[in-house]
Amino acid sequence: MDTFINFFNAAVLAGTPLLFGTLGELLTEKSGNLNLGVEGMMFMGAISGLAAVFLLELGFGFEMSGGLAVLIAILFAFLAGALGALIFSILVVSFRTQQNVTGLILTIFGIGFGNFFGEFLGRFAPGHAVTISGLAREGFSGLHIPVLSDIPVLGPLLFQYNILVYLAIGIAIVMAIFLNRTRFGLNLRAVGESPATADAASINVTRYKYLATCIGGGICGIGGMYVSMITTGGAWVHNSIQGLGWISVALVIFATWSPSRALLGALVFGALSIMRFYLPLGIPMQIYDTFPYIATILVLIVTSIRQSKEHSPPGLLGVNYFREER
């Protein structure tokens, strides 16, 4: 039982940054925009959230409390990811550039942005390492919820994670309600399915595309901050995202564009990514790395065979909208 609990905990922690990236890209794609720059936005969020806490502690010469560090890191990571998405939106929505190429450029820009500032800030840090204080790191450690965390088996399984795990789950729940139960969410889905029809119904297509893409980018940025604050222990590590953004794009397909299924998908992908440590099969490590993508291919095959409208991507995903052609 202890082995299962440890495996489940590790899968949740490994899947949380993927969940942030998946939810951000899912919201973006619901507007009809296909942003392949998730990796870049996660890099921007990773360095911005970490740098904000690091510079404030360095500039004011005090150790920041854990709660304040969490709030500042989330804010700056969200703003950085949203900035990257805003650049994408201006190019794609306003100037109507090719979406796939623009997303790839954003990825290259974001990776360079994160690695450059990570190395640059290291010049001002003791030991040339961008790290936050131990007091600030406590805000990102596991929580102890009175009574709930002490429940045998169930407590360790559900109620002892860090605050960002519960934030990601909360965003998934809110997003599912928003997309399926609110007028604005249904309007957003209409924009992704048929922007011309939505425009004819007096829905501001441009506004919805901008807002969904920028908010989605901000959520991706928080996922990157999760890596720099939790996975790497509050220290900047060169190329720390390591392809999580690309896996998040694949996970959107795995989740069939559903926030609720993204929860399960992130857990499955998180489990696949750490399976090598709990289920050694005597195969090369590189084979383990292919498991999430093999799972995605299988889902694509199944959804293609079933051809279910519910599990299909937005009707005009990746297609720029020209109002003049309406």
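Just above, that's the structure.
Residues numbered from 1 in each chain as written. Predicted model: local features only at pLDDT ≥ 70, side-chain atom pairs only at ≥ 80, totals over all residues. Heavy atoms only, no water.

Participant: Please give an account of unusual backbone geometry that cites residues and values.
Facilitator: Backbone geometry places S202, a non-glycine residue, at a positive phi of 70 degrees. Tracing the chain through its elements places S202 in the loop between α9 (195–200) and α10 (205–231). The phi angle at W257 is positive, at roughly 60 degrees, despite the residue not being glycine. Mapping W257 onto the fold places it in the loop between α11 (244–254) and α12 (259–278). (Helix = DSSP H or I, 4+ residues; strand = E, 2+ residues; numbered from the N terminus.)

Participant: Describe the environment of L300, with residues and values.
Facilitator: Note that L300 resides in helix α13 (residues 285–306). Judged by its relative accessible area of 38%, L300 is partly exposed. For L300 and F254, which are 46 residues apart along the polypeptide, the C-alpha to C-alpha distance reads 7.4 Å. (Buried < 20%, exposed > 50% of the residue type's maximum accessible area, 1.4 Å probe, protein only.)

Participant: Explain helix α7 (residues 163–181) residue by residue, including any values.
Facilitator: Along its 19 residues, α7 runs 26 Å from first to last C-alpha, staying within 8% of the 27 Å computed at 1.5 Å per residue. Buried positions along α7 lie against α1 (2–30), α3 (66–94), α8 (183–193), α10 and α12. Capping the start of α7, N162 holds a side-chain oxygen 3.0 Å from the backbone nitrogen of L164, two or three residues further along. (Expected span 1.5 Å × (residues − 1). Contact = heavy atoms within 4.5 Å. Polar contact = N/O pair within 3.5 Å; in protein donor to acceptor, adjacent residues only side chain to side chain.)

Participant: Describe the layout of surface pockets, and please don't skip the residues or the numbers.
Facilitator: In this structure, the largest pocket occupies an estimated 560 Å³ of space. Lining of the largest pocket is provided by 24 residues; of these, A14, T231, Q242, L244 and S273 occupy positions nearest its centre. Of all the elements in the fold, those that place two or more residues in the lining of the largest pocket are α1, α10, α11, α12 and α13. Per-element tally for the lining of the largest pocket: the top contributor is α1, with 5 residues. For the lining of the largest pocket, a count of residues per class yields 17 nonpolar, 5 polar and 2 charged. (1 Å grid on protein atoms, 1.4 Å probe; cavity = no way out; pocket = protein on both sides within 12 Å on 5 of 7 lines; lining within 4 Å. Points joined across faces, edges and corners; volume = space filled by probe spheres on them. Nonpolar A, V, L, I, M, F, W, Y, C, P; charged D, E, K, R; others polar.)

Participant: Pulling in residues and values, what's your account of the environment of D199?
Facilitator: Among the structural elements, D199 can be located in helix α9. In this structure D199 comes out as buried when scored by relative accessible area, which is 11%. Along the primary structure D199 and R323 are separated by 124 residues, whereas in three dimensions their C-alpha atoms are 8.2 Å apart.

Participant: Explain the packing of aromatic side chains to me, and be specific about the residues and the numbers.
Facilitator: Within the structure shown, the criterion is met by 11 aromatic pairs. Ring centres of F116 and F120 lie 5.9 Å apart, and the angle between their planes is 15 degrees; this geometry places the pair in the stacked category. Of the two residues, F116 and F120 both sit in helix α4 (residues 99–121), 4 residues apart, roughly one turn of that helix. We classify F116 as partly exposed; its relative accessible area is 49%. By relative accessible area, F120 is classed as partly exposed at 29%. Every member of this aromatic cluster is reached through a ring pair, and the members are F109, F113, F116, F117, F120 and F124. Taking NZ or CZ as reference, R183 lies 4.7 Å from the ring centre of F184, over its face. (Phe/Tyr/Trp six-rings, centres within 6.5 Å; stacked < 30°, edge-to-face > 60°. Lys NZ or Arg CZ within 6 Å of the ring centre and 35° of its normal.)

Participant: Could you give an account of the side chain of N320, naming the residues involved and the relevant values?
Facilitator: With respect to the element layout, N320 can be found in the segment after α13. One polar contact links the side chain of N320 to the main-chain carbonyl oxygen of T97, over a distance of 2.8 Å. Setting aside chain neighbours within four positions, we find N320 in contact with V92, R96, T97, Q98 and Q99.

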